[in-house]
Amino acid sequence: MLKDTYKKCCRLAERYKGYIDTSELLLEGLTNRQISEFVANGMLEKVCYGTYWFDCAEYVKPDAYKAIEICRSNPKAVICADSACFYQGLIEIEPSVVSIATRRDDRSKFAMNFPVSRHYYSSNYFAEHQKVVETEFGQYIVYDVERSVCDCIRFKKYIDEDIFCLVIDCYRKQKKAINRLTDYAEKLHMLNQVKKYL
């Protein structure tokens, strides 16, 4: 690998805050072959289709890198259920599998470097209770705590049992907005399920 190309890659890492798309790399004058070489040599990590992370940079990935990378892969994807409870601060233990929500008609692929559990939502309720979180490395979308607790109950069989119990226990202890939770559960026709746990 040429020394000046290596230096260029390090300069780009500083300018693009760690993440860069294939189209941006090409606009910066790199070839597809050079991009492949950077990946092979450990300077670039392919995080999803068309997006890379500069491994040659001085800084490390942010704490929320999984959420950011999911939304770079699909800007309409939403962090949901137990993962949303973690990112919203309800629980302190990060689930080993990231729960994500997409619309039922969204058939885009997710080829991430970490396990994901995808849940398809109807268009009627998909956009409700979303929050956009801005970071210096990019944004991600997450559902609010009450909706996420409902989703944990709805997707209980897909969630680690210890994480599920932690979500329910933490929600009870923090005495969050039970009225909002029951209102949302009623919309989803799962009020009895929610009452069973809370």
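For the structure itself, look to the data block above.
What comes next is a walk through the structure. (Residues numbered from 1 in each chain as written. Predicted model: local features only at pLDDT ≥ 70, side-chain atom pairs only at ≥ 80, totals over all residues. Heavy atoms only, no water.)

## Description of the nonpolar core
- Counting residues in hydrophobic clusters, the biggest one holds 32 residues, and the most contacted among them are Leu 90, Val 149, Cys 150, Ile 153 and Val 167.
- Counting only elements with at least two residues in this core, the list comes to helix 5 (81-87), strand 8 (138-143), helix 7 (145-154), helix 8 (161-174), helix 9 (178-187) and helix 10 (191-197).
- If one sorts the elements of this core by residue count, helix 8 sits on top with 6 residues.
- Sequence-distant contacts of Val 167, that is, excluding residues within four places in its chain, are made with Cys 85, Leu 90, Ile 91, Val 149 and Cys 152.
- In terms of nonpolar packing, the next biggest core, distinct from the first, is built from 22 residues, Ala 67, Ala 77, Phe 110 and Val 133 among them. (Core = buried A, V, L, I, M, F, W, Y, C linked by side-chain atoms within 4.5 Å. Buried < 20%, exposed > 50% of the residue type's maximum accessible area, 1.4 Å probe, protein only. Helix = DSSP H or I, 4+ residues; strand = E, 2+ residues; numbered from the N terminus. Contact = heavy atoms within 4.5 Å.)

## Remarks on unusual backbone geometry
- The backbone of His 129 sits at a positive phi, close to 65°, despite the residue not being glycine.
- You will see that His 189, though not glycine, has its phi angle at about 60°, which is positive.
- As for its position among the elements, His 189 is in the loop between helix 9 and helix 10.
- Judged by its relative accessible area of 74%, His 189 is exposed.

## Some points on the pattern of salt bridges
- All told, the structure shown has 11 salt bridges when counted by the stated rule.
- As a salt-bridge pair, Asp 21 and Arg 72 come within 3.0 Å of each other at their nearest N and O atoms. One end of the pair, Asp 21, is in strand 1 (residues 19-21); the other, Arg 72, is in helix 4 (residues 65-73), with 51 residues separating them in the sequence.
- Judged by relative accessible area, which is 25%, Asp 21 ranks as partly exposed. (Salt bridge = Lys/Arg side-chain N within 4 Å of Asp/Glu carboxyl O.)

## Structural notes on the environment of Gly 89
- Tracing the chain through its elements places Gly 89 in the loop between helix 5 and strand 5 (98-103).
- Taking relative accessible area as the criterion, Gly 89 reaches 48% and is therefore assigned partly exposed.
- Taking the C-alpha atoms as reference, Gly 89 lies 8.7 Å from Val 145; in sequence the two are 56 residues apart.

## Details of helix 9
- Restricting attention to buried positions, one finds in helix 9 the residues Leu 181, Tyr 184 and Ala 185. Projected down its long axis, helix 9 carries its buried residues within an arc of 100°, all on one side.
- Buried residues along helix 9 sit against helix 6 (123-126), helix 7, helix 8 and helix 10.
- Taken from the residues just after helix 9, His 189 is the one with a positive phi, measuring 60°. (Arc of directions from axis to C-beta.)

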